[in-house]
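So the chains spell out like this:
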Amino acid sequence: MMLGPAIELGLDLEVLATAPEESAAAVAATVRLGRHDDEQAVRGLADGVDALTFDHEHVPTAILEGIAGEGLAAVRPGPGALVHAQDKLVMRERLTALGHPCPRWWRIGSLAALEQALAEAGGRLVVKTPRGGYDAHGVRIVEAAEEAEDWLGTHGELLAEELVPFTRELSAQVARRPGGEASAYPVVQSLQKDGVCYEVVAPAPGLDDAAQQRIQTLALAIAEDLGVTGMLAVELFETADGRVLVNELAMRPHNTGHWSMDGAVTGQFEQHLRAVADLPLGATAPLAPVAVMVNLLGGSAEDLAPGTAAALDEEPQLKVHLYGKSVRPGRKIGHVTLLGDDAEDLLARAHRAERLIIDGPDAGAAPTAPTPEGDPR
């Protein structure tokens, strides 16, 4: 999804992919094959480009530190910033030290420490692996220390957090250039389904201008404090009294910002490239009072073409983005967006299109959207 904006901006992109059939590799002009955790492959990519950036946070920190230290390529975001999205313990320690609002948390290195934390938290905790988690992987809700014993043996240390009684999840996307110029998108509301982002409403309904500005200011401060270059998504819990707590960070274009591809003057993929290439940032103003995004999670249809055609015929204003991935149940295979004035109406129409695409033209009505329960992260 960065390739189109790159062409428009006159930027040449070179992609490192593990297989030719991966989405970006299938359409990029220049592709290197190799794994993100293979130092030789990553250094080979860095040696041929001016700047190195990412579509996930799992490139080992040591590899990036070596590339940045040798000046092989500009690493954006740099390893000193990216580690806060790679390692949840590092993130929690740093944000807490900076005074940014976080859930109550514990560093867990033993069953005894976890037992103590459970006692302090009232008997239930969210336990997370420090590295490697995504889309609810690496997350457990535990009521007894033994429920995380296997993870302790594998990872050595874990992050434990209070089970936040949130009312909804919010997300704030900002972009920052190497010199510090930064811009913020409207704060959005997101909803998860089985731990995976399912729908987004932009801007977040019922969030007044003062709250929007307060949350945007928080996200901009985090980007500045951590020295981020590129897009930063700050995922947040909103509590009943209007407070927000930082859940997680993503230093790249993020699922909760996909609405901006069609719903903002400058989409997040173009904005990320502008920031990484140290170009002036684009305007982030929305193009309609409301934009909604619904993820397409693999359903019963293996061939998406008939359902896509039916959805486009039924909903001419619909924007469909398919990722070129093979279909399997629950896998993110694309998303749809709609713009308008009424979030409830737009979501109903977007979910109708979703069912047509993932289950075929004979799909029934969309199911009821999931209700947030507990901590999905």
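No experiment lies behind these values; they were computed from the predicted model shown. (Residues numbered from 1 in each chain as written. Predicted model: local features only at pLDDT ≥ 70, side-chain atom pairs only at ≥ 80, totals over all residues. Heavy atoms only, no water.)

Visitor: Give me the lowdown on the overall build of the chain, citing residues and values where you can.
Guide: When helices and strands are counted, the chain shows 13 helices and 17 strands. For 377 residues, the compact-globule formula gives about 21 Å, and the C-alpha radius of gyration of the chain, at 21 Å, lands near that figure. Reported as C-alpha extents along the three principal axes, the dimensions of the chain are approximately 60 × 50 × 40 Å. Across the 377 residues of the chain, 51% fall into the buried class. Contacts in the chain between residues far apart in sequence, at least 24 positions, make up 63% of those at least 6 positions apart. Counting only carbon and sulfur atoms, one obtains 49% of the accessible surface of the chain, whose full area is about 16100 Å². Counting 30 positive and 56 negative side-chain charges, the chain places the averaged centre of each group 2 Å from the other. (Helix = DSSP H or I, 4+ residues; strand = E, 2+ residues; numbered from the N terminus. Rg over C-alpha atoms; globule rule 2.2 N^0.38 Å. Buried < 20%, exposed > 50% of the residue type's maximum accessible area, 1.4 Å probe, protein only. Contact = heavy atoms within 4.5 Å. Areas by Shrake-Rupley, 256 points an atom, 1.4 Å probe, with all protein chains shown as cover. Lys, Arg positive; Asp, Glu negative; His and termini not counted. Charge placed at Lys NZ, Arg CZ, Asp CG, Glu CD.)

Visitor: Tell me what's going on with the sheet that holds strand S6 (residues 125-128), and back it up with residues and numbers.
Guide: Sheet architecture is open: 4 strands sit in the order S5-S8-S6-S7, paired in antiparallel fashion. Whereas interior strands pair on both sides, the edge strands pair on one side only; in this sheet they are strand S5 (105-108) and strand S7 (139-142). Mean inter-strand twist for the sheet, computed between neighbouring axes without regard to direction, equals 25°. Note: S6 against strand S8 (residues 158-161), 3 bridges, orientation antiparallel. The partner of Val126 across the bridge, within S8, is Glu161. Helix-sheet contacts for helix H6 (residues 88-98) involve S5, S6 and S8, and the interaxial angle to S5 is about 135°. Of the strands in this sheet, S5, S6, S7 and S8 touch helix H7 (residues 111-121), which is tilted by about 165° from S5. (Pairing = 2+ DSSP bridges. Axes fitted to C-alpha atoms, helices over the stretch in contact; angles between N-to-C directions.)

Visitor: Residue-level account of the UniProt feature "binding site: ATP" (unreviewed entry) in the chain, with values.
Guide: On the UniProt side, "binding site: ATP" (unreviewed entry) is annotated at positions that read Lys88, Lys128, Glu161, Glu162, Leu163, Val164, Glu169, Asn247 and Glu248 here. Judged by its relative accessible area of 3%, Val164 is buried. Inspection of the secondary structure assignment puts Glu248 in strand S14 (residues 244-250). (UniProt positions renumbered as here; feature names shortened; annotations may be inferred.)

Visitor: So what's going on with the packing of helix H3 (residues 39-47) against helix H4 (residues 61-70)? Residues and values would help.
Guide: Packing of H3 against H4 leaves a shortest axis separation of 10 Å and a crossing angle of 35°. Pair H3 / H4 crosses with right-handed handedness. Here Glu39, Val42, Arg43 and Ala46 of H3 come into contact with H4, specifically with Ile63, Gly66, Ile67 and Glu70. (Left-handed = near helix turned anticlockwise from the far one by under 90°.)

Visitor: Before we move on, could you go through a negative patch on the surface and cite the residues and values that matter?
Guide: Taken together, the side chains of Glu115, Glu146, Glu147 and Glu149 define an acidic patch exposed on the protein surface. Among the structural elements, Glu146 can be located in the loop between S7 and helix H8 (149-155). (Patch = residues over 30% accessible without salt bridge, like charges linked within 9 Å, V, L, I, M, F, W, Y side chains within 5 Å. Salt bridge = Lys/Arg side-chain N within 4 Å of Asp/Glu carboxyl O.)

Visitor: Just give me the short version of the packing of aromatic side chains, but keep the residues and values in it.
Guide: The geometry of an aromatic ring pair is captured by two quantities: the separation of the ring centres and the angle between the planes. Evaluated as defined, the whole model comprises 2 aromatic pairs. Where Phe166 meets Phe237, the ring centres are 4.7 Å apart and the plane angle is 10°; that geometry is what we call stacked. Of the two residues, Phe166 is situated in strand S9 (residues 166-176) and Phe237 in strand S13 (residues 230-239); the sequence distance between them amounts to 71 residues. Between Tyr185 and Trp259 the ring centres are 6.4 Å apart and the planes differ by 90°, which places this aromatic pair in the edge-to-face class. Here the residue Tyr185 occupies a position in the loop between strand S10 (182-184) and strand S11 (188-193), and Trp259 occupies one in the loop between S14 and helix H10 (260-263), the gap between them amounting to 74 residues. Like Tyr185, the residue Trp259 is buried in the burial classification. The ring of Trp151 carries Arg140 above its face, with NZ or CZ at 4.0 Å from the centroid. (Phe/Tyr/Trp six-rings, centres within 6.5 Å; stacked < 30°, edge-to-face > 60°. Lys NZ or Arg CZ within 6 Å of the ring centre and 35° of its normal.)

Visitor: Outline the environment of His100, listing residues and values.
Guide: For His100, the location among the structural elements is in the loop between H6 and S5. It is 7.7 Å that separates the C-alpha atoms of His100 and Leu218, two residues lying 118 residues apart in sequence. Once residues lying within four places of it in the same chain are set aside, the contact partners of His100 are Leu95, Leu218, Ala221, Ile222 and Asp225. At a separation of 2.8 Å, a polar atom in the side chain of His100 contacts the side chain of Asp225. (Polar contact = N/O pair within 3.5 Å; in protein donor to acceptor, adjacent residues only side chain to side chain.)

Visitor: Tell me about helix H12 (residues 305-314), and please be specific about residues and values.
Guide: Among the residues making up H12, those that are buried are Gly307, Thr308 and Ala311. The buried residues of H12 occupy an angular sector of 100° when the element is viewed end-on, so they sit on one face. Residues of H12 that are buried make contact with strand S16 (319-322) and helix H13 (343-359). (Arc of directions from axis to C-beta.)

Visitor: Describe the pattern of salt bridges, with residues and values.
Guide: Between side chains of opposite charge, pairing is possible as soon as their charged atoms come close. Applying the stated criterion across every chain, the model contains 25 salt bridges. The salt bridge partner of Glu314 is Arg352, with a shortest N-O separation of 3.1 Å. Here Arg352 lies in helix H13 and Glu314 lies in helix H12, a separation of 38 residues in the sequence. Classification of Glu314 as partly exposed rests on a relative accessible area of 44%. Residue Arg352 is classed as partly exposed on the basis of its relative accessible area, which comes to 25%. Overlapping salt bridges, with partners in common, bring together Arg92, Lys128, Glu161 and Glu248 in one network.

Visitor: Give a detailed account of the nonpolar core, specifying residues and quantitative values.
Guide: In terms of nonpolar packing, the biggest core is built from 39 residues, with Ile222, Leu232, Leu236 and Leu249 touching the most fellow members. Those elements giving two or more residues to this core turn out to be H3, H4, helix H5 (79-86), H6, S9, helix H9 (209-226), S13 and S14. With 7 residues, H9 is the single largest residue contributor to this core. With 21 residues, the next largest nonpolar core counts Leu318, Ile333, Leu347 and Ala353 among its residues. (Core = buried A, V, L, I, M, F, W, Y, C linked by side-chain atoms within 4.5 Å.)

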